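Architecture at a glance
Listed below are the residues making up each chain.
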Amino acid sequence: MKKEIWFGLSIMAMVVLAAFVLLPPVSEMANGHLGLLMLALVVVAIMLGFPTAFTLMGMGMIFAWLAYKSQNPELAVTQTLDLMVQRTYSVMSNDVLISIPLFVFMGYLIERANLIEKLFKSMHLAAARVPGSLAVATIVTCAIFATATGIVGAVVTLMGLLALPAMLRAGYSVQLSAGAITAGGCLGILIPPSVMLIVYGATAGVSVVKLYAGAFFPGIMLATLYVAYVIIIAKLKPHLAPPMSAEDRYVPLPPVAHEVSITISDKVLPGLIGAIKGKRNAAVPMNELLKQLGIALLPAVSAVVIMGAIFMSVTAPAPLEDMQGVVSMGGGFEDPAPEAEAGDVAEPGDLQAPPGTDEPAAKVAVDAPAAAQAAPAEPAAPQERLDAPATFWIGLVSVAVALAIFYSYFSFVRLEIFKMLLGSFFPLAIMILAVLGTIVFGLATPTEAAAMGSMGGLLLAGAYRRLNMTVMRESVYLTAKTSAMVCWLFVGSSIFSAAFALLGGQDLINSWVLGMDLTPTQFMILAQVVIFLLGWPLEWTEIIVIFMPIFIPLLPHFNIDPLFFGLLVALNLQTAFLSPPVAMAAFYLKGVSPPHVTLNQIFAGMLPFMGIQVFAIFLLYMFPAIGMWLPSVLYK
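These numbers come from a predicted model, not from an experiment. (Residues numbered from 1 in each chain as written. Predicted model: local features only at pLDDT ≥ 70, side-chain atom pairs only at ≥ 80, totals over all residues. Heavy atoms only, no water.)

This paragraph deals with the overall build of the protein. A count of helical and extended segments in the protein gives 28 helices and zero strands. For the protein, the residues scored as buried account for 44% of the 636 residues in total. Long-range contacts, defined as pairs at least 24 residues apart, comprise 79% of the intrachain contacts of the protein with a sequence gap of at least 6. Of the roughly 32900 Å² of accessible surface on the protein, 68% is carried by carbon and sulfur atoms. (Helix = DSSP H or I, 4+ residues; strand = E, 2+ residues; numbered from the N terminus. Buried < 20%, exposed > 50% of the residue type's maximum accessible area, 1.4 Å probe, protein only. Contact = heavy atoms within 4.5 Å. Areas by Shrake-Rupley, 256 points an atom, 1.4 Å probe, with all protein chains shown as cover.)

See below:
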């Protein structure tokens, strides 16, 4: 029997043994103990291979019936069926879940646009001089593509077919290659737009918009740590990640670029400007030179547009306060009636009109136009723009210096790599930033942004001539399959949580945890350790839908923000894809690896990246601003 099976059976045996040891005898069991027994049985059943959603529903209905039976045996069946219908309806009426099929559809369309091969080639050429360039390019490609698709299995499988043979041919270590592919492919469940964050938000009642804003920098931090680890390993142990050969770094130049680089200059701007001027451009078409020059100037044009937008933003005049309808203190009332002459006595009619008289109404009707014409509105004087702050000018000078350095090294070879990136990296990056930006800045809800992303996926697939009925049919089918799985998971989780609460399991756990008299730091460490250990036998979906409803009610007692807790959980759940025996990323990679690559080698390659994930959790806990700064700035 394989070691992995023995490992899984051992964990199941430990769960069953713990249930028998910790729970009281059957005759002394209360409803709360039945809730804990249900939790243990669910974990064992899932590890045996039963479908998670239907296991949760089945266990939830059985134990809900037991809970109702202990109160009123005659109505137990009716109440159990009513609970199932109510929980199902509440899940199906959750608006947040509409974004899941749209994001999944976007991911499947982008996956079938066949962008990943072009993206990987352009990235590893762009990083050719970086130590461990192939592994660095693999991590960056996985991060971008996984973020755009959100489908870990597809990214790991495709990169296993594309990057693993290239790294093995270049002499890379099997462990380092496998670790880079599996760890990079899992970043898609953390970096927004992420389906996992939507599931957590719907389960914990946390704003998905704030989760997206909070998870952006932790995701970038984790990817940066992966890249830094690969570069350090390649520097310290070059035999594990040899540098690329000159043959692998060779980029063929088109005839125009080759002619200009030989006759004038190998740098882009001097070469193209020199070719356009004078008689030296006789052998090169002018329209081709102008086209190449336009592409070369795109970074400068983008910098000018961005800095111009920033200038307009920081120098915009303060908005005028609308004083219309604002009355100063003590003003806004009718002038008092003229004082009576000496010796006169005010008549009662001057104080209150007799009933039925029309005189006051007539007075108002006559005085209103006069009052409106008395003070005509004066047009507001145009406000002058504010002076730009010193930080803007420092940033402008820095950008100008960076552009000067960039163009001084911008050769025709780099221009060709830049053109490759224009066709692979930038379309994906712009689409991701557009979808994420509309959500984070409040321009669209997650569902609306997901719809825009689906349209972007259609446009990308059409632009790369991959959009046909076969691709559409497969994408729609896989989207429906994945969405149904997620929705059934929510239904099962909702029924399970209701049954757990009915039995008093939540109260029992709350009493036990609060009785330990933990500090917030100790509780946070305990929760993260439990989630980390749960990631070994369970997947992230099961951890969120089963165990998050247990942790979330305890957070207010320890004054822990559910948003911050969710960011820590999202980082922690990265390990669920890398930890054996249910390390799905390892099995995805093993399915497309050469025969000599073993599961043990893949597991060994993933362990350092799991250590990096734990270090990232520590950094986020010690410096919460990594995740909380952006939501605090955007949603004050």
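For the structure on display, the rule yields two salt bridges. Note that D266 and K267 form a salt bridge whose closest N and O atoms lie 3.6 Å from each other. Exposure remark for D266: the relative accessible area of 41% places this residue in the partly exposed category. Salt-bridge contacts for K419 lead to E416; the nearest nitrogen and oxygen are separated by 3.1 Å. (Salt bridge = Lys/Arg side-chain N within 4 Å of Asp/Glu carboxyl O.)

Note that T52 resides in helix α3 (residues 52-69). Among the polar contacts listed, one links the side chain of T52 to the side chain of E542, at a separation of 2.6 Å. Once residues lying within four places of it in the same chain are set aside, the contact partners of T52 are I46, L489 and E542. (Polar contact = N/O pair within 3.5 Å; in protein donor to acceptor, adjacent residues only side chain to side chain.)

Turning next to the nonpolar core. One recurring pattern in soluble globular proteins is that nonpolar side chains are buried together. If you look at the biggest cluster of nonpolar residues, it comprises 161 residues, and the most contacted ones within it are M548 and F565. Of all the elements, helix α11 (residues 208-236) adds the most residues to this core, at 15 residues. Excluding residues that lie within four positions of it along the chain, F565 makes contacts with Y200, M524, A527, Q528, I531, M548, F551, I552, L555 and I560. With 17 residues, the next largest nonpolar core counts I295, Y407, F410 and F412 among its residues. (Core = buried A, V, L, I, M, F, W, Y, C linked by side-chain atoms within 4.5 Å.)

This brings us to the packing of aromatic side chains. Enumeration over the complete set of coordinates arrives at 19 aromatic pairs. For the ring pair F392 and W393, a centre distance of 5.2 Å and an interplane angle of 75 degrees mean the geometry is edge-to-face. Judged by its relative accessible area of 8%, F392 falls in the buried class. Ring geometry for F523 and F558: centres 4.3 Å apart, planes at 5 degrees, overall stacked. Of this pair, F523 sits in helix α23 (residues 520-534) while F558 sits in the loop between α24 (540-551) and α25 (562-572), placing them 35 residues apart in sequence. The burial state of F523 is the same as that of F558; both residues are buried. One aromatic cluster is present, formed by F406, Y407, F410, F418, F425 and F426 through successive ring pairs. (Phe/Tyr/Trp six-rings, centres within 6.5 Å; stacked < 30°, edge-to-face > 60°.)

With that settled, the discussion passes to a nonpolar patch on the surface. On the surface, V397, V401, I405 and Y409 cluster together into a nonpolar patch covering about 410 Å² of accessible area. In this fold, Y409 is placed in the loop between α18 (390-408) and α19 (412-440). Residue classification places Y409 among the exposed residues on the basis of a relative accessible area of 55%. (Patch = residues over 30% accessible without salt bridge, like charges linked within 9 Å, V, L, I, M, F, W, Y side chains within 5 Å.)

Let's shift gears to the confidence of the model for the protein. Segments scoring low in pLDDT should not have their predicted coordinates read at a detailed level. Residues at a pLDDT of 70 or more form 85% of the protein, whose mean pLDDT is 80. Looking at the elements of the protein, mean pLDDT is at its lowest for helix α17 (residues 359-374), recorded as 48, and at its highest for α11, recorded as 92. Below pLDDT 50 for its whole length, residues 332-366 participates in two contacts with residues either more than four positions away or in separate chains. (pLDDT = per-residue confidence, 0-100.)

To continue, consider helix α27 (residues 599-622). The first and last C-alpha atoms of α27 sit 35 Å apart over 24 residues, in line with the 34 Å expected at 1.5 Å per residue. The largest bend along α27 reaches roughly 25 degrees and is located at L607, with the proline P608 sitting one to four residues downstream. (Expected span 1.5 Å × (residues − 1). Bend = angle between axes of the 7 residues up to and from the residue.)

If you check helix α16 (residues 298-314), its first and last C-alpha atoms are 24 Å apart, about what 17 residues at 1.5 Å a residue would give, namely 24 Å. Taken residue by residue, α16 has P299, A300, A303 and M307 as its buried positions. All buried residues of α16 fall inside an arc of 95 degrees around its axis, so they share one side. For α16, the exposed residues lying more than 90 degrees away from the buried face are V305 and S313. (Arc of directions from axis to C-beta.)

Note the cis peptide between P192 and P193, where omega equals -5 degrees. Mapping P193 onto the fold places it in the loop between α9 (174-185) and α10 (195-204). In the Ramachandran plot, R465 falls in the positive-phi region, its phi being about 55 degrees despite a non-glycine side chain. The residue R465 is located in the loop between α20 (446-463) and α21 (469-502) in this model.

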